[in-house]
Amino acid sequence: MTGGAQSESQIGADKSLRKRSITKDASIKKRAPPRKTYPPRTTPLYISPSSPFISILKRVTTLLLPKPGPKERRAVKVVVLVGMGRAMEKCLGVGLRLQEEGGQVRFGVEVKTGTVGVVDDVVPDDEDDMITCQVRKQSMVEVFVTVKGGQ
């Protein structure tokens, strides 16, 4: 073997070292991420990677532009799409689609990125041991959607 080449078993060993080190006799239980409070007339929509794209678009437009009818709904001023991890791409895609969407109504889109600490419980297989918690950082995006031109 040459000095620069590694066998496949060594490469696999290096990959396992990069992951979070948890003992083999424990499992991780992820808690729900913390939810932020928003001002009145602002509605947050929490997006997951499996949320349907078109349904999110319809939901945002009906929240911002309610149709007149027997059930009078008060229009919200701002809809905030919140996505973490893999859902960030979907949130950004919805914001871009709303921003580019022509028609009679124009939507204003503002994007904020950040990191949030989420808590995981490390549950040992042995019932005598204590459950411990660990905090990990998760990327997040907030897409603020408003109606341009007043309303």
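Position numbers for residues count from 1 along each chain, tracking the sequence in the order it is written. Residues qualify for local features only when their pLDDT is at least 70, as the model is predicted, and side-chain atom pairs are given and counted only at 80 or more; totals for whole chains, interfaces and linings, by contrast, use all residues. Remark: hydrogens and water are excluded; side-chain values derive from all non-hydrogen atoms of the structure.

(A) Local environment of the side chain of Ser51. Secondary structure elements are taken from DSSP: a helix is a run of H or I of four residues or more, a strand is a run of E of two residues or more, and numbering for both begins at the N terminus. Take Ser51: it is sitting in the loop between β2 (42-47) and α2 (53-64). Whenever a nitrogen or oxygen atom comes within 3.5 Å of another N or O atom, the pair is scored as a polar contact, on the condition that within protein one atom can donate a hydrogen and the other can accept it, and that pairs from neighbouring residues in sequence are kept only if both atoms are in side chains. Within the structure, Ser51 has its side chain in polar contact with the backbone nitrogen of Ser48 (distance 3.0 Å). Aside from chain neighbours lying at most four places away, what touches Ser51 is Ile56 and Lys90. Two residues form a contact once any of their heavy atoms are found within 4.5 Å.

(B) The side chain of Asp121, seen in detail. Turning to its location among the elements, Asp121 is positioned in strand β4 (residues 107-124). Of note is the side chain of Asp121, whose polar atom sits 2.9 Å from the side chain of Arg31. Not counting residues within four places of it along the chain, the set of residues in contact with Asp121 comprises Ser27, Ile28, Lys29, Arg31, Ile131, Thr132 and Cys133.

(C) Highlighting helix α3 (residues 88-100). In a helix, the anticipated span is given by 1.5 Å times the number of residues less one. The terminal C-alpha atoms of α3, which comprises 13 residues, lie 18 Å apart, in line with the 18 Å expected from a rise of 1.5 Å per residue. The set of residues buried in α3 consists of Cys91, Val94, Gly95 and Leu98. With its buried residues spanning 95° around the axis, α3 presents them on a single face. Exposed residues pointing more than 90 degrees away from the buried face of α3 are listed as Glu89 and Glu100. Exposure classes here rest on a 1.4 Å probe applied to the protein chains alone. A residue is buried below 20% of its type maximum, exposed above 50%, and partly exposed in between. What the arc measures is the spread of directions leading from the helix axis to the C-beta atoms.

(D) Broad picture of the pairing of β4. Direction of pairing for strand β1 (residues 26-30) relative to β4: antiparallel, over a ladder of five bridges. For Ala26, the partnering residue across the bridge sits in β4 and is Pro124. In this structure, β4 lies alongside strand β5 (residues 132-147), joined through 16 bridges in antiparallel fashion. Of the residues in β5, the one forming a bridge with Asp120 is Gln134. Two strands pair if DSSP finds at least two bridges between them.

(E) Focus on the sheet that holds β1. Pairing within the open sheet is mixed, and its five strands lie in the order β1-β4-β5-β3-β2. Looking along the sheet, the strands with just one partner apiece sit at the ends: β1 and β2. Ignoring strand direction, the axes of neighbouring strands in this sheet form an average angle of 25°. All axes here are fitted lines through C-alpha atoms, helices being fitted over the stretch that makes contact, and every angle between N-to-C directions spans 0 to 180 degrees. Sheet contacts for α2: β2, β3 (78-84), β4 and β5; angle to β3, the most-contacted strand, approximately 155°.

(F) Up close: the nonpolar core. Among the nonpolar cores identified, the biggest contains 18 residues, and Leu45, Val60, Leu64, Val79, Leu81, Leu98 and Val145 are the most heavily contacted of them. Within the residue set of this core, elements represented by two or more residues are β2, α2, β3, α3 and β5. Tallying contributions element by element places α2 first for this core, with five residues. Setting aside its immediate chain neighbours within four residues, Val79 contacts Thr43, Leu45, Val60, Leu63, Leu64, Val143, Phe144 and Val145. Think of a nonpolar core as a cluster: buried Ala, Val, Leu, Ile, Met, Phe, Trp, Tyr and Cys residues, connected wherever their side-chain atoms sit within 4.5 Å.

(G) Here's a closer look at the environment of Val60. With respect to the element layout, Val60 can be found in helix α2. Accessibility expressed as a relative area gives 0% for Val60, which makes it buried. Sequence spacing of Val60 and Val94 is 34 residues, and the spatial spacing of their C-alpha atoms is 9.4 Å.

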